[in-house]
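What follows is the residue order along each chain.
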Amino acid sequence: MLAVSHFNSSASPLVPRLADGGGGLVEAMVTAVGQLQQENVTSPQNQIGGTIVVVLFMSLGIFSNIVALFILVNAYSLQRRRSKATFLLFATSLVITDFFGHVIPGAMVLRLYLIGGVSPEDFGSSDGMCQFLGGSMVFFGLCPLFMGCAMAAERCLGVTKPLLHSSLVTKTRTKVCLSAIWLAALCVALLPCFQLGSYTYQEPRTWCFINVLNDTKEVDVAFVALFSGLGLTSLAVALVCNTISGLTLVLARIRRRPGSHHSARSHDIEMVAQLVGIMVTSCICWSPLLIFALMSVKRPIGANPSNYETLMHMGVRLATWNQILDPWVYILLRRTVLRKIYLIVKCQAGMRGGVIGRWEKSSFPSLDQKEVSQV
């Protein structure tokens, strides 16, 4: 998904009003953010600026995903460890999904920018393009969250119960799991086709999403609750699984006898580090939109809708970065890079002995070893 507009910040400074009786922090935040008045997307200057931003975002996202995909495909073709191959299959599928999730909605947003957005009389309605764009955003939004959750659960099982993992997790079952994830996300995205929710154009008339502001019905509320609930639940499960995996690895490192070697753990360290990076990125990028959607559809009676339109717009701009940052998590958090970072930190800090010193460079084998060169 692509950034869809700019904000005009020339309005008066943001001064939340908390003193007026009954005004809570959420209402103050909404009112403050609402003071950011949106520019008219149909003006030539904003249209050109928005088009440039969308093109830059698309170029950056395409480049990031192609680089990560090349590294992942090469590593997967050379990998012989089954647990690592399973992780790489998940990661490759995630990058491919992010790539299409960046290009397909981005192309439609770019088209809307080029025509100056939908006309005011069409705003609040839903045509074929809006249905496809809204469905794409829901589908490509849920898929990375589901995959991150599945990857965290798979690694948690591999770290805590390696024997059970080796007997349960296979390439075939991994592919079935991926197919189930894509199918589940597609089923949620297609709910409006069965009158179970709806998609509408959103301010500033350059993107479509679930109807959370204009004449919402009970099915719209249920649809938003389902989308946000699934997303937040996936993030919570990933957080729990990654925490368990990380603590298990730390305890295993502390209990390990000095001088002993366990090269297999280096794979687990690498994969858990990447999963934590993916989880943190998803939390930062997706949590605002998931929360703002719930806030908007359950806003107090009489609240100014434009304030919530601004929040939704900010949320989708943050969500845009997820598909750009995800590939760099894998690119930067590989063993070769982690080992270099470790050596630099150890050299700078002058660490000697102790628990931290046990994270010796045997955890990240030499770069000339065949196992690392494959990744």
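Residues numbered from 1 in each chain as written. Predicted model: local features only at pLDDT ≥ 70, side-chain atom pairs only at ≥ 80, totals over all residues. Heavy atoms only, no water.

For the chain, an unreviewed UniProt entry supplies the name Thromboxane A2 receptor and the organism Kryptolebias marmoratus. Turning to the chain, the UniProt record has this under Sequence similarities (unreviewed entry): "Belongs to the G-protein coupled receptor 1 family." Recorded in UniProt under Subcellular location (unreviewed entry), the annotation for the chain is "Cell membrane". (UniProt positions renumbered as here; feature names shortened; annotations may be inferred.)

**Remarks on the overall build of the chain**
Within the chain, the secondary structure is distributed over 13 helices and two strands. The buried share of the chain, reckoned over its 375 residues, is 47%. A separation of at least 24 residues holds for 81% of the contacts in the chain among residues at least 6 apart in sequence. When the accessible surface of the chain is summed, it comes to about 17400 Å², and 68% of that surface belongs to carbon and sulfur atoms. (Helix = DSSP H or I, 4+ residues; strand = E, 2+ residues; numbered from the N terminus. Buried < 20%, exposed > 50% of the residue type's maximum accessible area, 1.4 Å probe, protein only. Contact = heavy atoms within 4.5 Å. Areas by Shrake-Rupley, 256 points an atom, 1.4 Å probe, with all protein chains shown as cover.)

**Focus on the nonpolar core**
Ranked by internal contacts, the top residues of the largest apolar core, which has 68 residues, are Val 138, Met 151, Phe 209, Ile 210, Phe 227 and Met 312. A per-element tally of this core places helix 4 (residues 128-160) first, with 13 residues. Setting aside anything within four residues of it in sequence, one finds Met 312 in contact with Trp 207, Phe 209, Val 212, Leu 289, Phe 292, Ala 293 and Ser 296. (Core = buried A, V, L, I, M, F, W, Y, C linked by side-chain atoms within 4.5 Å.)

**Notes on the pattern of salt bridges**
Considering all chains together, one arrives at one salt bridge under this definition. The salt bridge partner of Arg 155 is Glu 154, with a shortest N-O separation of 3.1 Å. Each of the two residues, Arg 155 as well as Glu 154, counts as buried. (Salt bridge = Lys/Arg side-chain N within 4 Å of Asp/Glu carboxyl O.)

**Observations regarding the packing of aromatic side chains**
Per the stated rule, a full pass over the model turns up eight aromatic pairs. Taking the centre distance of 5.0 Å and the plane angle of 65° together, the rings of Phe 57 and Trp 321 count as edge-to-face. Taken together, the residues Phe 57 in helix 2 (residues 44-78) and Trp 321 in the loop between helix 9 (305-320) and helix 10 (322-332) connect sequence positions 264 residues apart. Both rings, one in Phe 139 and one in Phe 140, keep their centres 4.9 Å apart while their planes meet at 80°; by these two values the pair is edge-to-face. Using a relative accessible area of 9% as the deciding quantity, one classes Phe 140 as buried. Through a chain of ring-to-ring contacts, three or more aromatic side chains come together here, namely Trp 207, Phe 209, Phe 227 and Trp 286. (Phe/Tyr/Trp six-rings, centres within 6.5 Å; stacked < 30°, edge-to-face > 60°.)

**Some words on the state of the cysteines**
Evaluation of the coordinates by the stated rule reveals one disulfide. A sulfur-sulfur distance of 2.1 Å marks the disulfide that ties Cys 130 to Cys 208. Linking Cys 130 and Cys 208, the disulfide has an S-S dihedral of approximately -120° and is accordingly described as left-handed. Taken together, the positions of Cys 130 in helix 4 and Cys 208 in strand 2 (residues 207-210) put the pair 78 residues apart, joining distant regions of the chain. The pair formed by Cys 130 and Cys 208 is uniform in burial state, with each residue classed as buried. (Disulfide = S-S within 2.5 Å.)

**So, the environment of Ile 331**
Looking at where Ile 331 falls in the secondary structure, it is placed in helix 10. Ile 331 sits in the buried class, given a relative accessible area of 8%. Placed 264 residues apart in sequence, Ile 331 and Val 67 show a C-alpha to C-alpha distance of 8.1 Å. Aside from chain neighbours lying at most four places away, what touches Ile 331 is Ser 64, Val 67, Ala 68, Ile 71 and Val 337.

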